[in-house]
Amino acid sequence: MTTTEPTAAADVVDPKLEWHKTVCILCSNNCGVEVRLDDREITRVRGNKSHVASKGYTCEKALRLNHYQNNTGRLTSPLRREADGSYTEVDWDTAISEVVAGLTGVRDTHGAKSLMYYGGGGQGNHLVGAYGSATRRALGITVRSNALAQEKTGEAWVDGRLFGTHTHGDFHHAEVSVFVGKNPWHSHGFDEARRVLKDIKADDARSMVVIDPRRSETADLADFHLQVKPGTDAFCIAALGGVIVQEGLVDQTFLDENTTGSADVVAELGKVDVASYATRCGVDEDLLRTAARRIATAESVAVLEDLGIEMAPNSTLVSYLQKLLWILSGSFAKPGGMTTHSAMAPLFNYSASRREPASPVTGSQVISDLVQCNEIPEMVSTDHPDRIRAMFIESANPVHSLAGGDDWRAAMADLDFSVVIDVAMTETARLASYVLPASSQYEKAEATFFSLAFPDNTFTLRAPILEPLEGTLPEPEIHARIVRELGLYDDEMLAPLREAAADGLEAFGVAMMTAAAEHPELAGVAPVILYETLGQTLPEGMAGAAVLWFSTQQVAMKYTAAVRAASIEGDDSELGNNLFRKLIESRDGVVFTHHEYEESWNLLKTDDKKISVDIPELVADLAALADMPTDHRTDEFPFILAAGERRSFTANTIIRDPAWRKKDAEGALRLSPADAEAVGVETGGRIRVTTPGGSAVAVVEVNDTMQDGFISLPNGMGLDYSPAGGNPEAVGISPNELTTVDWKDEYAGTPWHKHVPAKLEVVA
Ligand SMILES: Nc1nc2c(c(=O)[nH]1)N[C@H]1C(S)=C(S)[C@@H](COP(=O)(O)OP(=O)(O)OC[C@H]3O[C@@H](n4cnc5c(=O)[nH]c(N)nc54)[C@H](O)[C@@H]3O)O[C@H]1N2
Ligand SMILES: Nc1nc2c(c(=O)[nH]1)N[C@H]1C(S)=C(S)[C@@H](COP(=O)(O)OP(=O)(O)OC[C@H]3O[C@@H](n4cnc5c(=O)[nH]c(N)nc54)[C@H](O)[C@@H]3O)O[C@H]1N2
Ligand code: SF4
Ligand SMILES: [Mo]
């Protein structure tokens, strides 16, 4: 859908002035934007004021999105790696048959358990994972993972135990907002973050608590900045909980009526030595007590944690403790508080996090069906009989983004076979047996499943704004070809479904039921069947949206009243069909469920619909906390490095061209003025940073938001790129050249990237 601004001659529309609706794909928010195009170049970007969630909001990162769409790193042909390590261009038919032969070869010799799937989507392209699941199931792959298993699985494990589902905060209305190791000013995580932060700052009746060792941009706006020493959050939050319990501020009615099993943890918090813990985390005791009282007595509290604690010591314990703050305050299922929410497709399988299955190779806990990212290299480079021998990677760059760069490169070399599907020649693609070029996120139908809003939850299905780049294919087509090559279906089997699809969604639904009964073995590959049948009847460029037909049917079944309350009409399958039609038509996002706050209780997945507060393992950890170390620095490594900070121009590894960043192309190492003086460096100078994992030279930025002893490097730097398209070179430091696979949380195995011991040496 496009709109135009009037040109000189009213009847001549200059295509360069047309605005095309899409979204920014650089973070989970996926803000609605409108772009202008000059041929294939994105020349202008502005916020889409009619977008249901972002309402015109963007941050500065969206404005230069063209660097994602158009750059010299784009892949334009399938590539096969030759014996000498060089890549040969091959046609698609050859690539698909050789990839399938390679994967089935490993499977038939060593079993499906020797195959692993990694990735499935970044911030804005989760349909990739939906279609990838067809290939996964067609091959019988059960071992899988993605980036969530290096950040959010600790929290997911806690959520699974407490709620059986995900919870999210209503920061737009919260009386008190608490950010724990989270810098929404730069990293967002909820709609219109900067507007919301500024609103809180301007409103005397509302408060913000930020727990962060750095005076982050968010901390600068906070009423209470609890500037902890790095890695000591467990002490800080245990002390906040201690104050709430010891000063009699617990909402006991809420606990009695709505929770089970709170007694042990409340008793444990009652024993916390608040003064001593305040000292250990480096926060003034009075400030800590005032913040605790503000949290406990507010009408509503919303809390958001992120990498600052998820990638630091005691991370799973901290996830538990921060949730206790709002549970003890009774801030659930009300405006401004925490709530459950609906999902177009859930990101986590919480029942799997309760079953606690184990990795076949290492025996470690697998949360939400995702093996621990830090263990993947070990699962490959081992002589265990169930070792991983082939890897299918799409829309992820694990060689760059996961801990232990050297281990990853060794693992890629140890694999018998690997395939990468990406838009660009990444660090991971460069080591794969085959590389398949995907059409970009602006060249196909796409969507994110990161929609967590309540009471109104939204979903945005994008239409392509450009034709696929020559030589590329959208993932639905790639997976359909793979599953066909595997011989799971043929045109004859699809014929009745195609006929029915031409007759409309109702007829199609009936035909799908018949097909499911006749071919139960095809259930796992339903996404590509939907694409091949229903997809071919959708508006041009939208075939990839077909998989959402299944999701909309599920949503209509699971949240019938809430879908109707969102003004979508119909009974049974018709309700789902109408929701599907609305997604296909709308370029501004759709409110797909409207709930009442009370319904948050019904969405809990605990048996008794109460919060199940007791997690004995973590209560035991809380009891043992007093004896835990607060400082991981050593004489050899006297600094703590946060390896991968979100800044103004970082966006994971989505944009490879350093020219995207107008300032600080290399990504400076930040350190405090006192540390800079002690080490003997100034802004713009060069410094060698060395950790147990590696060593690299960084440009320096003396920065007074850093506390002494704490240094940081941005994420997403050190990507290979060549402006002219020749031999690529890395600009800046790739943070995982400095991290190791064994520095991690004991429950979830998530890396301690924010807490890497380091030393600094001036470079002459
Ligand atoms: N600009 C930008 N935004 C992004 C992304 C991006 O690459 N760039 N990536 C997106 C993704 S995938 C994610 S997961 C999110 C992550 O978003 P965030 O987690 O907010 O990002 P970080 O900057 O990595 O870490 C947040 C804060 O943790 C603090 N921190 C470091 N150590 C500690 C500690 O020991 N305790 C506490 N309490 N805090 C600590 C840091 O000082 C920092 O301010 O951002 C998303 N948004
Ligand atoms: N040291 C350190 N490491 C970190 C972090 C940190 O803070 N410190 N942060 C971590 C976090 S939280 C995250 S989420 C991860 C993110 O790291 P990854 O999971 O690797 O994800 P992205 O960087 O988003 O990269 C996704 C890939 O998708 C490709 N891509 C883009 N569009 C498409 C498409 O349409 N189709 C296909 N097939 N591919 C596409 C991009 O080119 C890129 O190669 O990084 C993690 N790594
Ligand atoms: S980076 Fe995130 S917050 Fe900024 S415009 Fe893009 S989607 Fe919105
Ligand atoms: Mo992330």
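Owing to the predicted nature of the structure, the values given are computational and were not obtained by experimental measurement.

### Re the site of ligand 2
Now for step 1: Looking at ligand 2, there are 30 residues lining it, with S401, D422, E475, A643 and T653 nearest.
Now for step 2: In the model, a nitrogen atom of ligand 2 is placed 2.6 Å from a nitrogen or oxygen of the S401 main chain.
Now for step 3: Compared with its free state, where it exposes 910 Å², ligand 2 has 95% of that area covered by protein.
Now for step 4: Counting residues per element, the ones that place at least two in the shell around ligand 2 are β17 (417-422) and β22 (639-645).
Now for step 5: Each residue belonging to the shell around ligand 2 can be placed in one class, and the counts come to 11 nonpolar, 13 polar and 6 charged.
Now for step 6: Composition of the shell around ligand 2 by domain shows at least three residues from each of domain 1 (79-152 + 355-437) and domain 4 (628-763).

### Quick notes on empty space enclosed by the protein
One way to see where empty space is left: roll a probe the size of a water molecule over the atoms.
Now for step 1: As enumerated under the stated definition, the model contains 3 cavities of 30 Å³ or more in all.
Now for step 2: Of the voids in this model, the largest cavity is the one considered here, and its volume is about 80 Å³.
Now for step 3: Around the largest cavity sit C24, L26, C27, N29, C31, Y57, T58, C59, K61, A62 and H188, which together line it.
Now for step 4: Its residues assigned to classes, the lining of the largest cavity shows 7 nonpolar, 3 polar and 1 charged.
Now for step 5: Reported here for the second largest cavity is a volume of approximately 40 Å³.
Now for step 6: I655, R656, P658, R661, G716, M717, G718, L719 and V731 together form the lining of the second largest cavity.
Now for step 7: Looking at the lining of the second largest cavity residue by residue, the class counts come to 5 nonpolar, 2 polar and 2 charged.

### Structural notes on the environment of V158
Now for step 1: Turning to its location among the elements, V158 is positioned in helix α4 (residues 153-162).
Now for step 2: Classification of V158 as buried rests on a relative accessible area of 0%.
Now for step 3: Excluding its chain neighbours within four sequence positions, the residues that come into contact with V158 are T316, S319, Y320, K323, I615 and L618.

### Observations regarding the site of ligand 1
Now for step 1: Close contacts around ligand 1 come from 31 residues, with S187, D212, D233, T650 and K754 the closest.
Now for step 2: One nitrogen or oxygen atom from the main chain of H186 is found 3.1 Å from a nitrogen atom belonging to ligand 1.
Now for step 3: Note that an oxygen atom of ligand 1 is positioned 3.3 Å from one of the side-chain N or O atoms of D306.
Now for step 4: Here ligand 1 loses 97% of its free accessible area of 920 Å² to cover by the protein chains.

### Focus: helix α13 (residues 315-328)
Now for step 1: Look at α13: 20 Å from first C-alpha to last across 14 residues, which is about the 20 Å you get at 1.5 Å a residue.
Now for step 2: Of all the 14 residues making up α13, 14 are buried; the element is thus mostly covered by neighbouring parts of the structure.
Now for step 3: Following α13 by one or two positions, G330 has its phi on the positive side, about 65°.

### A look at the pairing of strand β10 (residues 176-180)
Now for step 1: With respect to burial, β10 is a largely interior element, 5 of its 5 residues being buried.
Now for step 2: Examined bridge by bridge, β10 and strand β11 (residues 207-211) share 5 bridges and lie parallel to one another. Each residue of the ladder has a partner; that of S177, found in β11, is M208.
Now for step 3: Summarising the sheet, β10 and strand β14 (residues 301-305) pair through 5 bridges and their orientation is parallel. Bridge assignment links V176 to a residue of β14, and that residue is V301.

### Quick word on unusual backbone geometry
Now for step 1: Note that the residue after F454, namely P455, is joined by a cis bond; omega there is 0°.
Now for step 2: As for its position among the elements, P455 is in the loop between β18 (434-437) and β19 (456-459).
Now for step 3: One non-glycine residue, S567, adopts positive backbone phi at about 65°.
Now for step 4: Backbone geometry at N652 places phi at a positive 45°, although glycine is not the residue there.
Now for step 5: Inspection of the secondary structure puts N652 in the loop between β22 and β23 (669-671).

### Regarding the packing of helix α3 (residues 127-139) against helix α18 (residues 475-485)
Now for step 1: Their axes nearest at 9 Å, the elements α3 and α18 cross at an angle of 10°. The pairing of α3 with α18 is recorded here as roughly parallel in orientation. Residues V128, Y131, G132, A134, T135 and A138 of α3 form the contact with α18, whose participating residues are E475, P476, H479, I482 and V483.
Now for step 2: A class-by-class count of the residues in the contact of α3 with α18 yields 7 nonpolar, 3 polar and 1 charged.

### Comments concerning the packing of aromatic side chains
Here the distance between the centres and the angle between the planes together describe a pair of aromatic rings.
Now for step 1: Throughout the structure, instances matching the rule amount to 19 aromatic pairs.
Now for step 2: Measuring from centroid to centroid gives 5.9 Å for Y117 and F392, while their planes differ by 20°, and the two rings are stacked. Here the residue Y117 occupies a position in strand β7 (residues 115-119), and F392 occupies one in strand β16 (residues 390-394), the gap between them amounting to 275 residues.
Now for step 3: For Y117, a relative accessible area of 3% translates into the label buried.

### Digging into the sheet that holds strand β5 (residues 79-81)
Two modes of strand pairing occur in sheets, parallel and antiparallel, and in both the strands are linked by backbone hydrogen bonds.
Now for step 1: Read across the open sheet, the 7 strands follow the order β6-β5-β18-β17-β16-β7-β8; overall the sheet is mixed. Unpaired on one side and paired on the other, β6 (87-89) and β8 (143-145) mark the two borders of the sheet. When the angles between neighbouring strand axes are averaged without regard to direction, this sheet yields 15°.
Now for step 2: On the sheet, α3 packs against β7, β8 and β16 and is oriented at approximately 180° with respect to β7.
Now for step 3: Along the sheet, α18 contacts β16, β17 and β18; its crossing angle with β16, the most-contacted strand, is approximately 155°.

### So, the domain arrangement of the chain
Now for step 1: We note that the domain assignment places domain 1 (79-152 + 355-437), domain 2 (168-339), domain 3 (489-604) and domain 4 (628-763) within the chain.
Now for step 2: Placing the centre of domain 3 and that of domain 4 at their C-alpha centroids yields a distance of 45 Å.

### Section: the side chain of R206
Now for step 1: Along the chain, R206 turns up in the loop between α6 (193-202) and β11.
Now for step 2: Among buried Asp, Glu, Lys and Arg side chains, R206 stands out as unpaired, with D203 the closest opposite charge at 4.7 Å.
Now for step 3: At a separation of 2.9 Å, a polar atom in the side chain of R206 contacts the main-chain carbonyl oxygen of F171.
Now for step 4: For R206, the side chain forms a polar contact with the main-chain oxygen of H172, separated by 3.3 Å.
Now for step 5: Once you skip the residues sitting within four places of it in the chain, R206 turns out to touch F171, H172, H173, A174, E175, D199, I200, D223 and R294.

Quick notes on the rules
- Residues numbered from 1 in each chain as written.
- Chains lettered and ligands numbered in written order.
- Predicted model: local features only at pLDDT ≥ 70, side-chain atom pairs only at ≥ 80, totals over all residues.
- Heavy atoms only, no water.
- Near = heavy atom within 4 Å.
- Polar contact = N/O pair within 3.5 Å; in protein donor to acceptor, adjacent residues only side chain to side chain.
- Areas by Shrake-Rupley, 256 points an atom, 1.4 Å probe, with all protein chains shown as cover.
- Helix = DSSP H or I, 4+ residues; strand = E, 2+ residues; numbered from the N terminus.
- Nonpolar A, V, L, I, M, F, W, Y, C, P; charged D, E, K, R; others polar.
- Domains from an automatic or database assignment.
- 1 Å grid on protein atoms, 1.4 Å probe; cavity = no way out; pocket = protein on both sides within 12 Å on 5 of 7 lines; lining within 4 Å.
- Points joined across faces, edges and corners; volume = space filled by probe spheres on them.
- Buried < 20%, exposed > 50% of the residue type's maximum accessible area, 1.4 Å probe, protein only.
- Contact = heavy atoms within 4.5 Å.
- Expected span 1.5 Å × (residues − 1).
- Pairing = 2+ DSSP bridges.
- Axes fitted to C-alpha atoms, helices over the stretch in contact; angles between N-to-C directions.
- Parallel < 35°, antiparallel > 145°, perpendicular 65-115°, else oblique.
- Phe/Tyr/Trp six-rings, centres within 6.5 Å; stacked < 30°, edge-to-face > 60°.
- Lys, Arg positive; Asp, Glu negative; His and termini not counted.
- Salt bridge = Lys/Arg side-chain N within 4 Å of Asp/Glu carboxyl O.

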